[in-house]
Amino acid sequence: MKIKNHRLYQNNGSIVPLKKTTNQGSKLKAGKPEFIIIHYTAGPNAKSAINWLKNKDASASAHLVIDHDGSITQMVRFDTIGWHAGVSSWKALKGLNKYSIGIEIANWGHLMGQAGYWRSWTGAPLTDDRVITAAHRNQPATQRAWEIYDAAQIDATLDAVRALVAHYGIESNNLLGHDDISPTRKTDPGPAWDMDRFRAKVFGRRDDAATQEHFEVTAKRGLHLRTGPGIQYEKIHTLTNGTKVSVIESPSLWWLVAQIKDGEEDYTGWVHSRWLSRA
Ligand SMILES: [Zn+2]
């Protein structure tokens, strides 16, 4: 993904749709975002969140809303204040809306009930495979149930955050959860969102350490190794699912990798990083 004129574009070049809301302010303090704040919607899907965030009574909005299937909607331009953080602070800063982009991910958050009978706060049923039980780090003594995030949502958020980080130069310490900046009021994105892992996926590949790290191909039908960073480049070789690779360069979402065979580096070429996960 990439950003142009404070709008988000998909990898195929199509612009991410904008659903306008009047729930927004003037320009961000620096004219561009310095923080990214992750939220859950506490609702069933992106559609219901977008409808609510368009409603004046909500007095709330977000820059991006990400649905269960990974589809993305933009509601506020990235140079403009969205109303997602509310009363919040981080280090010396207060009121993070004027510094940040808010990303809302469709997710119920914490749940009620018990195994075999999980319910959202509205009473909507959830199957056991959609639920984890964990203590929130702001309330470590209390085990609660939480809706899991879908892989497609995590991938789409990752792509969007990488584009924002690359375009605006956002620092790794400034990728935060709502529960970081409003810890007494808020529990989103909560323990079902692995922020450390997510932050490492966004930023880790730029570190020297990342280049030493081994990744694994997670593509059922295999992954083409190409002569350059894009599908227009010639195929060199096909890496089967589970193949281990080391990362040589990661200048964009396309990475230059070397296949590891019998502990040695074998074929070298470019792959799209969405089909790799940390081994
Ligand atoms: Zn929130």
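Every value quoted in this text rests on a predicted model; they were computed, and no experiment measured them.

Draft legend 1. Main features of the pairing of strand β10 (residues 100-105). The element β10 is extensively covered by neighbouring structure, given that six of its six residues are classed as buried. The side-chain alternation of β10 yields two buried faces, one formed by S100, G102 and E104 and the other by I101, I103 and I105. Note that strand β4 (residues 35-40) and β10 share six bridges and pair parallel. Paired with H39 across the bridge in β10 is E104. Note: strand β5 (residues 64-66) against β10, three bridges, orientation parallel. When the bridges of β10 are listed, L64 appears paired with I103.

Draft legend 2. How the structure looks around helix α2 (residues 151-168). Taking 1.5 Å per residue as the helical rise, α2 with its 18 residues ought to reach 26 Å, and the 25 Å between its terminal C-alpha atoms agrees with that figure. The complete set of buried residues in α2 reads Q153, A156, T157, D159, A160, V161, A163, L164 and Y168.

Draft legend 3. Seen up close, the sheet that holds strand β11 (residues 110-114). Strand order in the open sheet made by the five strands is β13-β12-β11-β15-β14, with antiparallel pairing throughout. The outermost strands of the open sheet, each flanked by one partner alone, are β13 (125-126) and β14 (131-136). Two elements, β11 and strand β12 (residues 117-119), share three bridges in a ladder whose sense is antiparallel. Looking at the pairing, M112 lines up with R119 of β12.

Draft legend 4. Examining the nonpolar core more closely. Counting 48 residues, the largest nonpolar core has I36, I66, I103 and A160 as its most contacted members. Of all the elements in the fold, those that place two or more residues in this core are β4, α1 (46-54), β5, β10, β15 (139-147), α2 and β16 (175-177). The element that contributes the greatest number of residues to this core is α2, accounting for six residues. When residues no more than four places from it in sequence are discounted, the contact partners of I103 are I36, I38, H39, A62, H63, L64, I66, T157 and A160. F215, V245, V247 and W270 belong to the second-largest nonpolar core, a separate cluster that totals 12 residues.

Draft legend 5. Representation of the confidence of the model for the protein chain within the structure. The predicted model of the protein chain has a mean per-residue pLDDT of 93, with 97% of residues at 70 or higher. Below pLDDT 50 for its whole length, residues 206-211 participates in seven contacts with residues either more than four positions away or in separate chains.

Criteria and thresholds
Residues numbered from 1 in each chain as written. Predicted model: local features only at pLDDT ≥ 70, side-chain atom pairs only at ≥ 80, totals over all residues. Buried ≥ 20, exposed ≤ 12 C-beta atoms within 10 Å, placed from the backbone. Helix = DSSP H or I, 4+ residues; strand = E, 2+ residues; numbered from the N terminus. Pairing = 2+ DSSP bridges. Expected span 1.5 Å × (residues − 1). Core = buried A, V, L, I, M, F, W, Y, C linked by C-beta atoms within 7 Å. Contact = placed C-beta atoms within 7 Å. pLDDT = per-residue confidence, 0-100.

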